[in-house]
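# Observations on the three-dimensional arrangement
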Amino acid sequence: MLIALGVVLFINILCVVAMIFLERKSPPSILAWTLILTCLPILGFVIYAILGNNLSLKTRRMLKQKKLQSHEFQEIITKQKLLIDSGSINLREIERKHKQLIRHNLLIDNAILTQNNKIDLFNKGTDMFNSLLKDIENAKKSINLCYYIFATDTYGSLLLKKLIQKASEGVEVNLLIDAIGSLRTDRKKLENLTRAGGRVAEFFPPAFGFRLFNLKINYRNHRKIAIIDNQIGYTGGMNIRDDHMGKHKKLNPWIDMHMRIQGSAVIELQKVFLKDWRFSYKGTDFNDNYLNRFFETPEVVGTTGMQIVCSGPDDDEHQIKQGLIKMILSAKSSIVLETPYFVPDDSFLEALKIASNSGVSIKIILPSIPDKKIVYNCSLAYAHDATLFGAKIYLREGFIHSKCLLIDNEIASIGTCNADIRSFKLNFEINSFIYDEKVAEKVNKICLNDLSSSVYIDKEWFSNLSFGKKFSINMSRLFSAIL
């Protein structure tokens, strides 16, 4: 017995040493894992082995090698950096006002500012789905899709049927799914797409073909991207699953935010998709001729300026989080944040506190119904902290899945990144930073509608919670660094 305890203790000490000196995890993460290793002997080590290991250097290197780094793209990035620094770039008034944010995103993620885009907003899953289905129906050349969850339920099967039809007609169809997010997806149904001539790939597929054995389970491709004929792009918070279309009895209504994009930003979406696709799909020779046919001059020209910013565990810069913090610190009058999970790190929470202390109104809209109990309790713990420095917290009826930040009713960020540590550091995410007051006004109308269906909670609301609820909220917070 004593020998067994000694072995367990030795293993735990080795794990902690590895976290400190080799993996260089953050102190809160180390403390959380130490608690798990101590309270759950043996099982805690198994959990750590599956969820706690960092992305290997080899994998990080391979992901970076798949980035599109053609001479043409690099020239555009270099030229735009020079134009911004010299003040020679032609910026609209709203873009000039937020020039520092544009420069920041460009330098930290090579996020090119495109200024000829047209955006259609959706906050209802069925509206987005019908629009996507129609665009796919009209596709003539190619359909590239990347989804964290692509279910084979009612809506997923309907979309899959359409993809099979288009593939059989000779349209190139590439479908990338996340192995963990789409764990329950029927792979046999997806084989019908490959038989029709389409291609399917999984991001970080399971080891040895066993679904539940995946050493990269902690790192998920949370992106949602669709590109049709190189001209139309979709991105935002909506997956392809029935509950995202409002078909979940418990999580109803399901509120989300998604975009249909036309213009040069579609090229930037395409670059992100192709990087992930090239990393995941092993059966295609990705030469220049293959890649070049995915990039065309956009047919539709709008007036919206935007940047596509990505982040993931393959890069330590946490580009999306930094962009969001820059937005928060640039706010002059108001901040509206919609997120299903509010588990921010210290830097994000501190930015909100600085903004609030500067006189900026902060409204944070969270769901009133949890889909993950421990994460929801942790969100409430941080929401309570936010009330202490003046932020106003609202619980939206049903489940709000939107990932949106609106600043001064002028600029907005919409995408896949939640306001939580997982999205900031562990998931592969994509967000659009939009510089257009008309689009911002549409986002504001959606947020106002959500506020009208929300319950305001304050310090008194938290103080009136039962002892048991307060205890579970505070206990959940101990694991915030690893949720």
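Everything that follows concerns the structure shown earlier in this document.
Residues numbered from 1 in each chain as written. Predicted model: local features only at pLDDT ≥ 70, side-chain atom pairs only at ≥ 80, totals over all residues. Heavy atoms only, no water.

### Quick notes on helix α8 (residues 125-137)
Taking 1.5 Å of rise per residue, 13 residues should cover 18 Å, and α8 covers 18 Å from first to last C-alpha, within 8% of that figure. Three or more residues of α8 are buried, namely G125, T126, M128, F129, S131, L132, L133, D135 and I136. (Helix = DSSP H or I, 4+ residues; strand = E, 2+ residues; numbered from the N terminus. Expected span 1.5 Å × (residues − 1). Buried < 20%, exposed > 50% of the residue type's maximum accessible area, 1.4 Å probe, protein only.)

### Considering helix α7 (residues 99-109)
Within α7 the residues assigned to the buried category are L101, I102, N105, L106, I108 and D109. With its phi angle positive at about 55°, N110 sits one or two positions after the end of α7.

### A short note on the packing of α7 against helix α13 (residues 319-330)
Running from amino to carboxyl end, α7 crosses α13 at an angle of 170°, the nearest separation of the two axes being 10 Å. Viewed along their axes, α7 and α13 adopt a mutual orientation that is roughly antiparallel. For the pair α7 and α13, contact is made by Q100, L101, H104, N105, I108 and D109 and by Q319, Q322, G323, K326 and M327, respectively. Along the lines of polarity and charge, the residues of the contact of α7 with α13 split into three nonpolar, six polar and two charged. (Axes fitted to C-alpha atoms, helices over the stretch in contact; angles between N-to-C directions. Parallel < 35°, antiparallel > 145°, perpendicular 65-115°, else oblique. Contact = heavy atoms within 4.5 Å. Nonpolar A, V, L, I, M, F, W, Y, C, P; charged D, E, K, R; others polar.)

### Describing the nonpolar core
Core analysis: the biggest nonpolar cluster contains 59 residues, and I335, F342, F348 and I364 have the highest contact counts within it. With eight residues, the single largest contributor to this core is helix α15 (residues 373-388). With residues up to four places along the chain from it excluded, the contact list for I364 reads L337, F342, L352, A386, A391, K392, I393 and Y394. Listed in part, the 49 residues of the second largest apolar core include W277, L291, C404 and A412. (Core = buried A, V, L, I, M, F, W, Y, C linked by side-chain atoms within 4.5 Å.)

### What to know about a nonpolar patch on the surface
On the surface, L35, F467, F471, M475 and L478 cluster together to form a nonpolar patch covering roughly 510 Å² of accessible area. A total of three residues in the nonpolar patch trace back to one element, the largest contributor, which is helix α19 (residues 467-477). Assignment of secondary structure puts M475 in helix α19. Residue classification places M475 among the partly exposed residues on the basis of a relative accessible area of 35%. (Patch = residues over 30% accessible without salt bridge, like charges linked within 9 Å, V, L, I, M, F, W, Y side chains within 5 Å. Areas by Shrake-Rupley, 256 points an atom, 1.4 Å probe, with all protein chains shown as cover. Salt bridge = Lys/Arg side-chain N within 4 Å of Asp/Glu carboxyl O.)

### Here's the deal with the state of the cysteines
Taken as a whole, this structure holds zero disulfides when the rule is applied. This cysteine, C146, is not joined by any disulfide, and C310 carries the nearest cysteine sulfur, 9.9 Å off. We classify C146 as buried; its relative accessible area is 1%. (Disulfide = S-S within 2.5 Å.)

### Structural notes on the pattern of salt bridges
Per the stated rule, a full pass over the model turns up 21 salt bridges. For the salt bridge of R241 with D243, the shortest nitrogen-to-oxygen distance reads 2.8 Å. Overall, R241 belongs to the partly exposed group, its relative accessible area being 28%. Residue D243 is classed as buried on the basis of its relative accessible area, which comes to 9%. A salt bridge links R396 to D450, with the shortest nitrogen-to-oxygen separation between them at 3.2 Å. Of this pair, R396 sits in strand β13 (residues 392-396) while D450 sits in helix α17 (residues 437-452); the two residues are 54 residues apart in sequence, bridging distant segments of the chain. Residue class for D450 comes out buried when judged on its relative accessible area of 0%. If you follow the salt bridges from partner to partner, you end up with K118, D120, D135 and R260 in one network.

### Observations concerning the pairing of strand β10 (residues 334-338)
In terms of burial, β10 is largely enclosed, as five of its five residues are buried. Here five bridges tie β10 to strand β12 (residues 361-367), and the two strands are oriented parallel to one another. Bridge pairing links V336 to K363 in β12. For β10 and strand β15 (residues 404-407), the ladder comprises four bridges, and the chain directions are antiparallel. When the sheet's bridge partners are listed, I335 is paired in β15 with I407. (Pairing = 2+ DSSP bridges.)

### Here we look at the pairing of strand β18 (residues 429-435)
The buried fraction of β18 is high, at seven of seven residues. Side-chain alternation along β18 places E429, N431, F433 and Y435 on one buried face and I430, S432 and I434 on a second face that is also buried. Relative to β18, strand β9 (residues 304-311) runs antiparallel, the two sharing seven bridges. Paired with V309 across the bridge in β18 is N431. As paired strands, strand β16 (residues 411-415) and β18 are joined by five bridges and run antiparallel to one another. Bridged to G415 within β18 is N431.

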